[in-house]
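Structural description and commentary
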Amino acid sequence: MASIWRYILAGLGLAALLVGILAVVYLTAPHSASGPDTSRSKKTANGLFVASFEPERGVIRQGELQSWLLTLKTAAGSPVEGAAITVSGGMPQHNHGLPTSPQATDYLGEGRYRIDGVKFTMSGWWQMRFAISAAAGSDSVVFNIVL
């Protein structure tokens with residue numbers, strides 16, 4: 001009978017140890033209650049520009065080729081003209097890039113650029129990265145999109 005109690009106590013001790021380890025992992029892991037920042041307007045990484053985006057038709061659609069409008073302003077609020085823009089992105093949690101190669105195709109005036117070839121093939125967390133080179137310098141911005 002004493003050996004059964006020994007096994008029961010050993011099992012309880014092991015269970016308590018596992019619960020403690022799980023608690024430490026949970027409490028020290030980074031948490032985001034609201035998920036990634038999905039704002040559509042933000043300063044670029046080095047603060048040279050303020051960038052904002054919107055789907056040209058107003059809604060981000062899954063599975064459809066679409067165009068976006070990227071608006072660039074200087075930190076002082078002036079439109080950024082003549083910028084060279086490269087676009088990349090993907091799904092950080094799935095570790096893959098975009099299914100297409102979006103490109104800045106037109107300058108529409110007032111700091112607005114058309115980005116053609118944007119497509120999201122599945123729901124989840126996507127990132128769009130814009131590398132910007134203009135008279136004020138080079139900078140970049142990342143937008144999070146959750147479908």
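The structure we're discussing is the one just above.
Residues numbered from 1 in each chain as written. Predicted model: local features only at pLDDT ≥ 70, side-chain atom pairs only at ≥ 80, totals over all residues. Heavy atoms only, no water.

1. What to know about the pattern of salt bridges
- Using the criterion set out here, one finds 4 salt bridges in the structure.
- A salt bridge links Glu56 to Arg114; the nearest nitrogen and oxygen atoms lie 2.6 Å apart. Of this pair, Glu56 sits in the loop between strand E2 (49-55) and strand E3 (66-74) while Arg114 sits in strand E7 (residues 112-118), placing them 58 residues apart in sequence.
- A residue is classified by how much of its surface remains accessible, and Glu56, at 35% relative accessible area, is partly exposed.
- Residues participating in the shared-partner salt-bridge network are Glu56, Asp106 and Arg114. (Salt bridge = Lys/Arg side-chain N within 4 Å of Asp/Glu carboxyl O. Helix = DSSP H or I, 4+ residues; strand = E, 2+ residues; numbered from the N terminus. Buried < 20%, exposed > 50% of the residue type's maximum accessible area, 1.4 Å probe, protein only.)

2. Some points on the pairing of strand E9 (residues 137-146)
- Sheet topology places strand E8 (residues 125-134) next to E9; 10 bridges connect them, and they run antiparallel. Along E9, the bridge assignment pairs Arg129 with Val142. (Pairing = 2+ DSSP bridges.)

3. Some points on the packing of aromatic side chains
- Enumeration over the complete set of coordinates arrives at 6 aromatic pairs.
- Geometrically, the ring pair formed by Phe53 and Phe143 is edge-to-face, given 4.7 Å between the ring centres and 65 degrees between the ring planes. With Phe53 in strand E2 and Phe143 in strand E9, the pair connects residues that are 90 residues apart, well separated along the chain. (Phe/Tyr/Trp six-rings, centres within 6.5 Å; stacked < 30°, edge-to-face > 60°.)

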